[in-house]
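Listed below, chain by chain, are the residues.
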Amino acid sequence: MQHIIGVARNQMIFTSLEQNIQDDSPVLFIDAFVENIDLQALGFELQTLKTEGRPSYSTKIFLKIYLYGYLNGLRSSRKLEKECTRNMELQWLLYGLIPNYHSISDFRKDNPSGLKKLFKVFVSFLKDVDLIACETIAIDGTKSRAHNSKKANFNQKKIEKHLAYIEEKSQEYLDQLAENDVQENSEKINNIQQKIERLKTNRIRYELLEEKLKVSGEPQISMTDEDSRALLVQGQVVEVSYNIQAAVDDKHKLVVATHTINRNDRNALAAIAIEAKENLGIETFTALVDKGYH
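Residues numbered from 1 in each chain as written. Predicted model: local features only at pLDDT ≥ 70, side-chain atom pairs only at ≥ 80, totals over all residues. Heavy atoms only, no water.

Summed over all chains, the structure comprises eleven aromatic pairs. Where Phe33 meets Phe122, the ring centres are 5.7 Å apart and the plane angle is 85°; that geometry is what we call edge-to-face. A residue pair is termed long-range when its members are at least 10 positions apart, and Phe33 in helix α1 (residues 26-35) and Phe122 in helix α7 (residues 112-128) qualify at 89 residues. An aromatic cluster of three or more residues is present, and its members are Phe44, Tyr57, Phe62, Tyr66 and Phe107. Residue placement shows Arg78 over the ring face of Tyr101; its charged tip is 4.0 Å from the ring centre. (Phe/Tyr/Trp six-rings, centres within 6.5 Å; stacked < 30°, edge-to-face > 60°. Helix = DSSP H or I, 4+ residues; strand = E, 2+ residues; numbered from the N terminus. Lys NZ or Arg CZ within 6 Å of the ring centre and 35° of its normal.)

Put into structure tokens, the structure is as follows:
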């Protein structure tokens, strides 16, 4: 049986970026949405025209990349750069431009306020086109693991435990040192002295950590990702995480409010409920929540 034959790879084809996009592609909406908003009014840092050197990319280019990545579950700036080279939808959306991953990352880092205001504008748009009912809102939180191990997360009890261990081992090594002094075993003495010096260094580190914890006024502190906290994620399982709060309208299950906190759901209901109320511009709504908010 004869197989279906494809196009020869060295055959020249005349085409355009427009021909590769279907009429119902989401990139059409992203392009129209970004082109019709005032980025400066939302607080975005606009790329200014330079008289010398290489010209910069428009801020709208980076916003289109950000929205496309959000829509398709692409958060990594390196992955987004790679998609710019091989994804036909992104090539159409960006007019064939391929920004560097570092520039994509800087855009997100430099515009947190603008992106938050943009979300509110989008919620207003959803309300205007009747895609949200603004009557019943479900609220819940989901834990997202931080880039911080449990070993690099400390509270007062954990620090005291480490200091007590250091004190115990130091005394043990000092006793061994005294015993070896009598036996005049120089090799063991040098080895024990090195261990004692290492314990002294660790004691200083934990004492500084304890002081930093007291100054912060927080019950715990993380070393790698300083804003993260050890949270109860399921049953008795504890992970160093963030808690992403979300409020969802019941009509089409669209998110109308979201923010990230570093504590559990308890006492967190008011903030996300008020944010949903402000974003929707309404006075009352029915909120559905679980008992974790009690």
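In this sheet, strand β5 (residues 237-249) lies alongside strand β1 (residues 136-145) in antiparallel orientation, the contact comprising nine bridges. What sits directly across from Lys143, in β5, is Asn243. Across five bridges, strand β4 (residues 229-234) lies against β5 in antiparallel orientation. Paired with Arg229 across the strands is Ser241, a residue of β5. (Pairing = 2+ DSSP bridges.)

With that settled, the discussion passes to the side chain of Asn243. For Asn243, the position within the fold is in strand β5. Residue class for Asn243 comes out buried when judged on its relative accessible area of 0%. Within polar-contact distance, the side chain of Asn243 engages the backbone nitrogen of Thr142 at 3.5 Å. Among the polar contacts listed, one links the side chain of Asn243 to the backbone oxygen of Arg263, at a separation of 3.1 Å. Beyond its immediate stretch of four places on either side in the chain, Asn243 contacts Gly141, Thr142, Lys143, Leu231, His259, Thr260, Ile261, Arg263, Asn264 and Asp265. (Buried < 20%, exposed > 50% of the residue type's maximum accessible area, 1.4 Å probe, protein only. Polar contact = N/O pair within 3.5 Å; in protein donor to acceptor, adjacent residues only side chain to side chain. Contact = heavy atoms within 4.5 Å.)

Before going further, it helps to spend a moment on the pattern of salt bridges. Note that side chains of opposite charge can pair when their charged atoms are close. By the definition in use, this model includes twelve salt bridges. Measuring nitrogen to oxygen at the nearest pair gives 3.5 Å for the salt bridge that ties Lys109 to Asp106. Separated by three residues within a single helix, Lys109 and Asp106 lie in helix α6 (residues 101-110), roughly one turn from each other. Between Glu167 and Arg203 there is a salt bridge, with its nearest N and O atoms 3.4 Å apart. Here Arg203 lies in helix α9 (residues 186-216) and Glu167 lies in helix α8 (residues 156-183), a separation of 36 residues in the sequence. One salt-bridge network, in which partners are shared between bridges, spans Asp31, Glu35, Lys60 and Lys64. (Salt bridge = Lys/Arg side-chain N within 4 Å of Asp/Glu carboxyl O.)

Despite not being glycine, Asp130 has its phi angle at roughly 60°, a positive value. Looking at the secondary structure, you find Asp130 in the loop between α7 and β1. Overall, the relative accessible area of 49% leaves Asp130 in the partly exposed class. Of note in this structure, Asn267 is not a glycine but carries a positive phi near 65°. Tracing the chain through its elements places Asn267 in the loop between β6 (255-261) and α10 (269-280).

So, about the nonpolar core. In this structure, Phe44, Leu63, Leu67 and Leu118 are the most contacted members of the largest nonpolar core, which totals 28 residues. Counting only elements with at least two residues in this core, the list comes to α1, α2 (39-42), α3 (59-71), α4 (77-86), α5 (88-93), α6 and α7. Examining the composition of this core, we find that seven residues originate from one element, α3, more than from any other. Dropping the residues within four chain positions of it, Leu118 is found in contact with Phe33, Ile37, Leu42, Phe44, Leu63 and Leu67. (Core = buried A, V, L, I, M, F, W, Y, C linked by side-chain atoms within 4.5 Å.)

Running from amino to carboxyl end, α4 crosses α6 at an angle of 125°, the nearest separation of the two axes being 8 Å. In terms of their interaxial angle, α4 and α6 are classed as oblique. For the pair α4 and α6, the sense of crossing is right-handed. Here Ser77, Arg78, Leu80 and Glu81 of α4 lie close against α6, whose contacting residues are Tyr101, Ile104, Ser105 and Arg108. (Axes fitted to C-alpha atoms, helices over the stretch in contact; angles between N-to-C directions. Parallel < 35°, antiparallel > 145°, perpendicular 65-115°, else oblique. Left-handed = near helix turned anticlockwise from the far one by under 90°.)

Let us now look at the side chain of Asn111. Note on placement: Asn111 falls in the loop between α6 and α7. Classification of Asn111 by relative accessible area gives buried; the value is 3%. Every residue in contact with Asn111, bar those within four places of it in the chain, is listed here: Gly43, Phe44 and Glu45.

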